[in-house]
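The chain contents come next:
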Amino acid sequence: MRSQSHTSSRPSLSRRQFARLLGAGAACLTALTAQGMEEQLARRMGASVESAKLLPKDPANLILLNSNENAYGPSPAALEALAEAHSVVMRYPDYWADQLQEKLAAFHGFDPAEVVVTCGSTELLKMAAQAFLGPGRRLVLAEPTFEAIVYYGRQTGAEIAKVPVTADHRHDLAAMAEAARARPGLVYVCNPNNPTGTLVAKQALEEFLARVPRESVVLVDEAYFHYADDPAYGSLLDAVHAGSNVVIARTFSKIYALAGLRLGYGVAREELMQQMRVQQVIESWNVAGCAAALASLDDDGWVAQNRERNRSTRAFLSEAMEHRGHACIPSQTNFVCVHVGAPVPPVIEAFRQHGISVGRPFAGLPEHIRVSLGTAEEMEKFVAAFDRVMAAPKPLSAVNSLPAAATPTPLWAPN
Ligand SMILES: Cc1ncc(COP(=O)(O)O)c(C=O)c1O
């Protein structure tokens, strides 16, 4: 039985057989290009291609710069695999998840037993919280950071220790190591960090590992790994190789643009992995997502192209904002925090009035809006809207009187 599967007793197929299986079903499909698929979806929804893209998420057809997605969509190879996967969606996904687990293990140079495929990386965060936290243990994390782990950590009865970031919006590793000394449990380091966009240098993180108690597990969330270009940055997969108490979380939701297919993965040494694996929902994967992820991993050129697009869009936005006198937190991700010089809730609402959804308010960033990087065209629209929102002699007086956003506060705010 493979380490990935909870239930699998199926014979193993070779990759070629797998490809043939997908291909057989695909023979009855029209050859769908990425554009063809979009058109077909649009027709079925009785909408334009542009609005069909947005309909399921937001009927108001907002430009979505709020959830750090990849606006350019998945690689053509992933779209093709998705079209083919329609022929096998009647099957349970364990076989495909096994293939993906093996491919990821080979991709990163690990044993498959050290890799788990999850329902978004969010499932891995939940599994880690359940495995390594509980009453009498402590979750240590930065504030602000990605908070899903707090939601799951709290459910275990663990104590939550939030350590404010430094004045330059970076993890305060010294204070985090200190906080981790009491009631060791889980330390969460989002690197690069959401929502600040800043990173922890690889060497600093390695030194940090040596300073946290041996019983602690350090979960490094590398969701934005591909977007970082600071030479001091590096994955902590090496630390897993070295046998440290480190869990790495990765996702297919960001550069691979498969957020809606809910696929992520984790890497850790086998003993830690076993403790997390028992917390996983049985068969939490999906065939279509696995097929798209398998194809995405082969498309290096497309990843490089997206990195480059992101880099130039990030530079464009940062320069446009700085030029207008609005400082940005230097970002190593696919989003940028812009200082607007006023409380953010009315600014967020004003952008909505201009057809643009930006990120929600974040603790510790009362005057910054988080802007996810969209396409070049979307960013030009954002800059034009920014000028309109900020233009009036008393820029925010008009929007201060707007009613607060209608959406109720969720149990935890995503993204
Ligand atoms: C840092 C970080 N980790 C994890 C996630 C969850 O992503 P997913 O569950 O789609 O993999 C997000 C989503 O925005 C994120 O920003």
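Provided above is the structure to which this section pertains.
Since the structure is predicted, the reported quantities are computational estimates derived from the model, not experimental observations.

Definitions and limits used
Residues numbered from 1 in each chain as written. Predicted model: local features only at pLDDT ≥ 70, side-chain atom pairs only at ≥ 80, totals over all residues. Heavy atoms only, no water. Near = heavy atom within 4 Å. Polar contact = N/O pair within 3.5 Å; in protein donor to acceptor, adjacent residues only side chain to side chain. Helix = DSSP H or I, 4+ residues; strand = E, 2+ residues; numbered from the N terminus. Nonpolar A, V, L, I, M, F, W, Y, C, P; charged D, E, K, R; others polar. 1 Å grid on protein atoms, 1.4 Å probe; cavity = no way out; pocket = protein on both sides within 12 Å on 5 of 7 lines; lining within 4 Å. Points joined across faces, edges and corners; volume = space filled by probe spheres on them. Expected span 1.5 Å × (residues − 1). Buried < 20%, exposed > 50% of the residue type's maximum accessible area, 1.4 Å probe, protein only. Phe/Tyr/Trp six-rings, centres within 6.5 Å; stacked < 30°, edge-to-face > 60°. Lys NZ or Arg CZ within 6 Å of the ring centre and 35° of its normal. Axes fitted to C-alpha atoms, helices over the stretch in contact; angles between N-to-C directions. Parallel < 35°, antiparallel > 145°, perpendicular 65-115°, else oblique. Left-handed = near helix turned anticlockwise from the far one by under 90°. Contact = heavy atoms within 4.5 Å. Pairing = 2+ DSSP bridges. Core = buried A, V, L, I, M, F, W, Y, C linked by side-chain atoms within 4.5 Å. Salt bridge = Lys/Arg side-chain N within 4 Å of Asp/Glu carboxyl O.

Looking at this structure, how should I read the site of the ligand?
Taken together, 14 residues form the shell around the ligand, and within it Thr122, Asp221, Tyr224, Thr251 and Ser253 come nearest. At 2.6 Å from an oxygen atom of the ligand is found a side-chain nitrogen or oxygen belonging to Tyr224. A per-element tally of the shell around the ligand places helix 6 (residues 120-132) first, with 3 residues. Partitioned by chemical class, the residues of the shell around the ligand number 4 nonpolar, 7 polar and 3 charged.

How do you make sense of empty space enclosed by the protein when you look at a structure like this?
One way to see where empty space is left: roll a probe the size of a water molecule over the atoms. In this structure the tally under the stated criterion is 1 cavity of 30 Å³ or more. Of the voids in this model, the largest cavity is the one considered here, and its volume is about 90 Å³. As for the largest cavity, its lining consists of Glu69, Asn70, Ala71, Tyr72, Tyr227, Asn306, Arg309, Asn310, Thr313, Asn334, Leu373 and Gly374. The residue inventory of the lining of the largest cavity, partitioned by class, reads 4 nonpolar, 6 polar and 2 charged.

Help me out: how do you make sense of helix 6 in this one?
For an α-helix, 3.6 residues make a turn, and residues three or four places apart therefore share a direction. Taking 1.5 Å per residue as the helical rise, helix 6 with its 13 residues ought to reach 18 Å, and the 19 Å between its terminal C-alpha atoms agrees with that figure. The buried count for helix 6 comes to 11 of 13 residues, which makes it a mostly enclosed element. Burial in helix 6 covers these residues: Gly120, Ser121, Thr122, Glu123, Leu124, Leu125, Met127, Ala128, Ala129, Ala131 and Phe132.

In this structure, what is going on with the packing of aromatic side chains? I would like to understand it.
Working definition: an aromatic ring pair is given by the centre-to-centre distance plus the angle between the planes. Counted under the stated rule, the structure contains 9 aromatic pairs. Each ring, one from Tyr151 and one from Tyr152, has its centre 5.1 Å from the other, and the planes form 65°; the classification is edge-to-face. When its relative accessible area of 25% is taken as the criterion, Tyr151 is described as partly exposed. Residue classification places Tyr152 among the buried residues on the basis of a relative accessible area of 13%. With a centroid separation of 5.2 Å and 80° between ring planes, the pair formed by Tyr224 and Phe335 is classed as edge-to-face. Of this pair, Tyr224 sits in the loop between strand 6 (217-221) and helix 10 (237-241) while Phe335 sits in strand 10 (residues 335-339), and the two are 111 residues apart along the sequence. When sorted by exposure, Tyr224 lands in the same class as Phe335, which is buried. An aromatic cluster of three or more residues is present, and its members are Phe252, Tyr256 and Tyr265. For Arg309, the ring lying beneath its charged end belongs to Tyr72, and the centroid distance is 3.7 Å. Sitting above the plane of the Phe335 ring, Arg370 keeps its charged end 5.5 Å from the centroid.

So what exactly am I meant to see when it comes to the packing of helix 5 (residues 94-108) against helix 12 (residues 287-297) here?
Geometry of a packed helix pair, given as the angle between the helix axes and the separation of the axes. The N-to-C vectors of helix 5 and helix 12 enclose an angle of 25°; their axes lie 9 Å apart at closest approach. Considered as vectors, helix 5 and helix 12 are oriented roughly parallel to each other. Where helix 5 crosses over helix 12, the two elements pack in a sense that is left-handed. Between helix 5 and helix 12, the contacting residues are Trp96, Ala97, Gln99, Leu100, Lys103, Leu104 and Phe107 on the first element and Val287, Cys290, Ala293, Leu294 and Leu297 on the second. Partitioned by chemical class, the residues of the contact of helix 5 with helix 12 number 10 nonpolar, 1 polar and 1 charged.

Help me understand the sheet that holds strand 4 (residues 159-164) in this model?
What links the strands of a sheet is backbone hydrogen bonding, and the strands pair in either a parallel or an antiparallel sense. Taking strand neighbours across the sheet as the criterion, the 7 strands line up as 2-8-7-6-5-3-4 in an open arrangement whose pairing is mixed. Each of the sheet's edge strands pairs with one partner strand only, and the pair in question is strand 2 (115-118) and strand 4. The average angle at which neighbouring strand axes cross in this sheet is 20°, direction not considered. Of the strand pairs in this sheet, strand 7 (residues 246-251) and strand 8 (residues 264-267) are connected by 4 bridges, and their pairing is antiparallel. Along strand 8, the bridge assignment pairs Ala249 with Gly266.

Looking at this structure, I do not really get the pairing of strand 12 (residues 368-372). What am I missing?
In the case of a regular strand, side chains alternate between the two sheet surfaces. The buried fraction of strand 12 is high, at 5 of 5 residues. Residues His368, Arg370 and Ser372 line one face of strand 12 and the alternating positions Ile369 and Val371 line the opposite face, and both faces are buried. Where strand 10 lies against strand 12, 5 bridges are found, and the strand directions are antiparallel. By the bridge assignment for strand 12, Val338 is matched with Ile369.

When you look at the nonpolar core in this model, what are you seeing that I'm missing?
Across soluble globular proteins, you tend to see nonpolar side chains buried next to one another. By size, the foremost hydrophobic cluster in this structure holds 57 residues, and its most contacted members are Leu100, Met176, Phe208 and Phe252. Apart from residues no more than four positions distant in its own chain, Met176 is found in contact with Val140, Leu141, Ala142, Val163, His171, Val187, Tyr188, Val189 and Phe208. In this structure, Val116, Tyr152, Ala158 and Cys190 belong to the second largest nonpolar core, which totals 28 residues.

Which parts of the structure should I look at to understand the packing of helix 6 against helix 11 (residues 270-277)?
It is the contact of helix 6 with helix 11, at a shortest axis distance of 8 Å, that shows an interaxial angle of 100°. In terms of axis orientation, helix 6 runs roughly perpendicular to helix 11. Within the contact between the two elements, helix 6 uses Leu124, Met127, Ala128, Ala131 and Phe132 and helix 11 uses Leu272, Gln275, Met276 and Arg277. Broken down by class, the residue content of the contact of helix 6 with helix 11 amounts to 7 nonpolar, 1 polar and 1 charged.

Got a minute to help me understand the pattern of salt bridges in this structure?
Oppositely charged side chains may form a pair once their charged atoms are brought near each other. Scanning all chains against the criterion turns up 15 salt bridges. Residue Asp229 is joined to Arg311 by a salt bridge in which the shortest nitrogen-to-oxygen separation is 2.9 Å. Remark: Arg311 occurs in helix 13 (residues 300-323) and Asp229 occurs in the loop between strand 6 and helix 10; sequence separation between them is 82 residues.

Can you help me understand the environment of Thr118 in this one?
Positionally, Thr118 belongs in strand 2. Sequence separation of Thr118 and Leu263 is 145 residues, and the distance between their C-alpha atoms is 5.8 Å. When sequence neighbours within four positions are dropped, the list of residues in contact with Thr118 reads Glu123, Leu124, Met127, Arg262, Leu263, Gly264, Tyr265, Gln280 and Trp285. For Thr118, the side chain forms a polar contact with the main-chain oxygen of Gly120, separated by 2.9 Å.

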